[in-house]
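Read off the chains here:
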Amino acid sequence: MIKRTLCFTNPAYLSLKDRQMVIRLPEVEKGDVPDVVKAEAVRTVPVEDIGVVVLDNRRITVTHGLLEALLENNCSVITCDGRSMPVGLMLPLCGNTLQGERFRDQLGASLPLKKQLWQQTVRMKIDNQAAVLARHAGAEAGCMRRWSADVRSGDPDNLEGRAAAYYWRNLFAGVPGLGGFTRDREGIPPNNLLNYGYAILRAVIARSLVSSGLLPTLGIHHHNRYNAYCLADDVMEPYRPYVDELVMGIVVELGGVVPADITRDLKMRLLGIPVIDVKVGGRRSPLMVAATQTTASLYKCFTGEARRIAYPEM
């Protein structure tokens, strides 16, 4: 079952009743309107149907009971800052009945195994980037394919970085006004769209890792001491090109003129990332479902049951 992604950009009262998220609007609750109108304005959503919640307004009130229910249901809760950019991610502490055993398997993974898994990750990321370039930018992708094939265990030659430099130099090159685009978190648009999309993707991947009983903090490559989601950052790499492809389509539609502040319509487009159609092992499924397949296969690699991570192929 595909879980729903809910984004709240206006003031709201969010509470829990009978395992339902209850949504009330402050302007209706406090307004001088008939009780029947207030009742009709109340909306409910089954908690079990929710996978991601985005809180994008400082006047949103959430009850502790609802937060508890969302986390028990393995839901990711994202909070945004005053610029509407995601700044926080809340996940459950326990998402799998065999979590202790799975933690031990993950912690016991050898360095050679982690290097091999990173090699697979980088190769698939570069291959997917090459597919995006070929399909949407009309750029030569042969060098990307060669770099992918040449990635060694642990990527000691940093072919991921070389491919990224070529990729970002060419992705938006044909879009008016975006020649010479530089990928930078604090850079000019469409960096803002990419940042927002990656934050949604990161929440989906982190949620899947928790459901598979893995520690999102302990990466196979990323190891920043201040990063609580190193493994999520590792696993999401081959999925990033799906976000890039979506942003590329938006940029083309806008004629290269991307607003500095992400509009409501653009947010709605980006919030569709969990249901993007992806292909894993020859079978198509929504990205959120595919992410669970990927993290489940990663755990099997830690136990020796599998040798390859089930990543999506573009």
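The preceding data block contains the structure.
Below is a short write-up of the structure. (Residues numbered from 1 in each chain as written. Predicted model: local features only at pLDDT ≥ 70, side-chain atom pairs only at ≥ 80, totals over all residues. Heavy atoms only, no water.)

**Here's the deal with the sheet that holds strand β1 (residues 4–8)**
Argument step 1. What the 4 strands build is an open sheet, ordered β1-β5-β7-β8; its pairing is mixed. The open sheet has two edge strands with one neighbour each: β1 and β8 (86–90). The sheet shows a mean angle of 15° between the axes of neighbouring strands, direction not considered.
Argument step 2. When strand β7 (residues 76–80) meets β8, the two strands line up antiparallel, connected through 4 bridges. Across the sheet, Cys80 pairs through a bridge with Pro86, a residue of β8.
Argument step 3. Strands in contact with helix α8 (residues 191–211) are β1, β5 (50–55), β7 and β8; relative to β7, the strand with the most contacts, it is inclined by about 155°. (Pairing = 2+ DSSP bridges. Helix = DSSP H or I, 4+ residues; strand = E, 2+ residues; numbered from the N terminus. Axes fitted to C-alpha atoms, helices over the stretch in contact; angles between N-to-C directions. Contact = heavy atoms within 4.5 Å.)

**A short note on the layout of surface pockets**
Argument step 1. For the largest pocket, the calculated volume is near 740 Å³.
Argument step 2. Forming the boundary of the largest pocket are 27 residues, of which Met85, Pro86, Arg185, Asn195 and Ala199 lie nearest the centre.
Argument step 3. Secondary structure elements with two or more residues in the lining of the largest pocket: β8 and α8.
Argument step 4. Broken down by element, the lining of the largest pocket gets its largest block of residues, 7 residues, from α8.
Argument step 5. Its residues assigned to classes, the lining of the largest pocket shows 13 nonpolar, 5 polar and 9 charged. (1 Å grid on protein atoms, 1.4 Å probe; cavity = no way out; pocket = protein on both sides within 12 Å on 5 of 7 lines; lining within 4 Å. Points joined across faces, edges and corners; volume = space filled by probe spheres on them. Nonpolar A, V, L, I, M, F, W, Y, C, P; charged D, E, K, R; others polar.)

**Looking at the packing of helix α4 (residues 99–107) against helix α12 (residues 287–303)**
Argument step 1. With their axes 8 Å apart at the nearest point, α4 and α12 run at an angle of 65° to one another. Considering how the two elements wind past one another, α4 and α12 form a crossing that is left-handed. The residues of α12 that touch α4, namely those facing Glu101, Arg102, Asp105 and Gln106, are Tyr299, Phe302 and Thr303.
Argument step 2. Here the residues of the contact of α4 with α12 are counted per class, giving 2 nonpolar, 2 polar and 3 charged. (Left-handed = near helix turned anticlockwise from the far one by under 90°.)

**Side note on the sheet that holds strand β4 (residues 43–46)**
Argument step 1. With respect to topology, 4 strands assemble into an open sheet ordered β4-β3-β2-β6, the strand pairing being mixed. Looking at the sheet topology across the chains shown, the edges are occupied by β4 and β6 (60–62). Across the sheet, the mean angle from the axis of one strand to that of its neighbour is 20°, orientation sign disregarded.
Argument step 2. Packing of helix α3 (residues 64–72) onto the sheet brings it into contact with β2 (12–17), β3 (20–24) and β6, and relative to β2 it is tilted by some 65°.

**Focus: the environment of Leu254**
Argument step 1. Tracing the chain through its elements places Leu254 in the loop between α10 (240–253) and α11 (264–270).
Argument step 2. For Leu254 and Val87, which are 167 residues apart along the polypeptide, the C-alpha to C-alpha distance reads 26 Å.
Argument step 3. With sequence-adjacent residues up to four places away left out, Leu254 is seen in contact with Pro259 and Leu266.

**Describing α3**
Argument step 1. Along α3, the positions that sit buried rather than exposed are Leu66, Ala69, Leu70 and Leu71.
Argument step 2. Elements that come into contact with the buried residues of α3 comprise β2, β3, β5, β6, β7 and β8.
Argument step 3. Just past α3, the residue Asn74 takes up positive phi, approximately 60°. (Buried < 20%, exposed > 50% of the residue type's maximum accessible area, 1.4 Å probe, protein only.)

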